[in-house]
Amino acid sequence: MTSDGPPPPLLLTGPGGPWRPVRQAYAGHGRAVVHGRWREWLPTHLQSADMDQGLPGMLDERDRRRLRTLPRPAARGRFVASRLLLKHLVAAVSGAAPEAVWIGYEPAGRPYALCAGAGRVELSLSHTGDLLVAGVSRWTRIGVDVEAARRPLRYADVGRRLCAPAERAALADLAEPERERALLRLWTLKEAYTKALGCGMRLAFAEFEFDAVVSGGGWRFAVSEVNSDRSAGSHFISSVWRQHECSVGGFGRELVERPRRFGNNRMRVYDGG
């Protein structure tokens, strides 16, 4: 991990926090990554009630429209819990009230937050199963992703879709299950990177190599394995962030603007640990 990188993902057990380590990470590094189970973030009275009406001031009209499109109770609960997590997270690091935090979205869907006294705060969100992961950054773009470490992912099935040629060569030298774990780690890193760029599915994973060296674009990354729920096993949580300003520059900008131009070019990123 780099000296300017965030600490490992911090566990939050609900709106009560603990928030002190989150504030310390944000104050010291300008960013923080947190995780928690969505059911612990959803108030008990909402788990059998109308979620659309049970959170005054916490869901805007866009959120309410999205909520009405989700048919399954679990999907609705996870969506509401994710908005509560994001708003409480931004409130904790900005000093605002959660109800005063407004979450907006760029055209490609990358979220950000605005609140009085704090300006714009960069956000990223990911989930799998019952686990929510969120990243927050004061100055720079950030992307996060999470996958269960024991998720089956056969290299023979997805290797060519996820990996550039040099990555496939490196994975080919590994024995199972090390290859499967390495592929999962790489997948979460590429997911987090494209979320930070805000380009969504426009960028094919096999078209760039996630290489662990310094790049002129100034990107950094970290991967952690956490176990917040013993019944579900451990998870890989990856975060990718810009070293400096929020604008996308260098190789990242070219990937967003002309993703098909590069074929299997290299995206070089420094992993400080």
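A brief structural summary. Because the structure is predicted, anything quoted here is derived from the model rather than measured.

On to the overall build of the protein. From N to C terminus, the protein includes eight helices and eleven strands. Total accessible area on the protein is roughly 12400 Å²; 51% of this is exposed by carbon and sulfur atoms.

Taking burial as the measure, the five residues of strand β4 (residues 111–115) include four buried ones, the bulk of the element. Bridging between strand β3 (residues 102–105) and β4 involves four bridges; their strand directions are antiparallel. Considered in β4, the bridge of Ile103 is made with Ala113. The antiparallel pairing of β3 with β4 creates a hairpin that spans five residues between the two strands, and Gly109 there sits at a positive phi of about 105°. Relative to strand β5 (residues 119–128), β4 is paired through four bridges, and the arrangement is antiparallel. Residue pairing across strands places Cys115 opposite Gly119, the latter belonging to β5.

It is worth spelling out the nonpolar core at this point. Within soluble globular proteins, side chains that are nonpolar generally end up buried alongside one another. Judged by nonpolar contacts, the single largest core of 39 residues is most densely connected at Val22, Val34 and Val136. Among the elements of the structure, α1 (20–29), β2 (31–37), α2 (38–41), α4 (73–94), β3, β4, β5 and β6 (131–137) are those that each provide at least two residues to this core. Ranked by residue count, the leading element in this core is α4, at twelve residues. Look past the residues within four positions of Val136 in its chain and what remains in contact with it is Tyr26, Gly30, Arg31, Ala32, Leu89, Val93, Val121, Glu122, Leu123 and Ile142. Formed by 25 residues, the second largest nonpolar core is a distinct cluster that contains Cys163, Leu183, Phe208 and Phe210.

This part takes up unusual backbone geometry. Between Gly17 and the following residue, Pro18, the backbone shows a cis peptide bond with an omega angle of 10°. Relative to the helices and strands, Pro18 is located in the loop between β1 (10–11) and α1.

Contact geometry of helix α3 (residues 61–68) with α4 gives a least axis separation of 10 Å together with a crossing angle of 160°. The pairing of α3 with α4 is recorded here as roughly antiparallel in orientation. The hand of the α3/α4 crossing is right-handed. On the side of α3, the interface is formed by Asp63, Arg66 and Leu67, while α4 contributes Arg76, Phe79, Val80 and Arg83.

When you line up the elements, Ala113 lands in strand β4. Dropping the residues within four chain positions of it, Ala113 is found in contact with Val90, Val101, Trp102, Ile103, Gly119, Arg120, Val121 and Leu123.

Moving on to helix α5 (residues 155–162). Those residues of α5 that sit buried are Tyr155, Val158, Gly159 and Leu162. Projection of α5 onto a plane perpendicular to its axis shows the buried side chains occupying an angular sector of 130°, all on one side. Those residues of α5 that are exposed and angled more than 90 degrees off the buried face are Ala156, Asp157, Arg160 and Arg161. At its buried positions, α5 is contacted by α6 (165–172) and α7 (178–197).

Next up on the list: the sheet that holds strand β7 (residues 142–148). An order of β7-β10-β9 is seen for the three strands of this open sheet, with the pairing classed as antiparallel. Looking along the sheet, the strands with just one partner apiece sit at the ends: β7 and β9 (219–226). If you compare each strand with its neighbour and ignore which way they point, the axes differ by 15° on average. Pairing geometry for β7 and strand β10 (residues 235–242), over seven bridges, is antiparallel. Each bridged residue has a counterpart across the sheet, and for Gly143 the counterpart in β10 is Val240. Sitting on the sheet, α7 touches β7, β9 and β10, and the angle it makes with β7 is about 150°.

Here we have six strands laid out as an open sheet, ordered β1-β2-β6-β5-β4-β3, and mixed in their pairing. Looking at strand neighbours, the two that pair on one side only are β1 and β3, the edges of this open sheet.

A few words on the packing of aromatic side chains. Scanning the model with the defined rule gives five aromatic pairs in all. Ring geometry for Tyr193 versus Phe208: centroids 5.5 Å apart, planes at 55°, classification tilted. Residue Tyr193 is located in helix α7, and its partner Phe208 is located in strand β8 (residues 208–212); the two are separated by 15 residues in the primary sequence. Accessibility assignment for this pair places Tyr193 and Phe208 in one class, buried. Consider the rings of Tyr193 and Trp219, whose centres lie 5.2 Å apart with planes at 85°: the pair is edge-to-face. Of this pair, Tyr193 sits in helix α7 while Trp219 sits in strand β9, and the two are 26 residues apart along the sequence.

Rules and cut-offs
- Residues numbered from 1 in each chain as written.
- Predicted model: local features only at pLDDT ≥ 70, side-chain atom pairs only at ≥ 80, totals over all residues.
- Heavy atoms only, no water.
- Helix = DSSP H or I, 4+ residues; strand = E, 2+ residues; numbered from the N terminus.
- Areas by Shrake-Rupley, 256 points an atom, 1.4 Å probe, with all protein chains shown as cover.
- Buried < 20%, exposed > 50% of the residue type's maximum accessible area, 1.4 Å probe, protein only.
- Pairing = 2+ DSSP bridges.
- Core = buried A, V, L, I, M, F, W, Y, C linked by side-chain atoms within 4.5 Å.
- Contact = heavy atoms within 4.5 Å.
- Axes fitted to C-alpha atoms, helices over the stretch in contact; angles between N-to-C directions.
- Parallel < 35°, antiparallel > 145°, perpendicular 65-115°, else oblique.
- Left-handed = near helix turned anticlockwise from the far one by under 90°.
- Arc of directions from axis to C-beta.
- Phe/Tyr/Trp six-rings, centres within 6.5 Å; stacked < 30°, edge-to-face > 60°.

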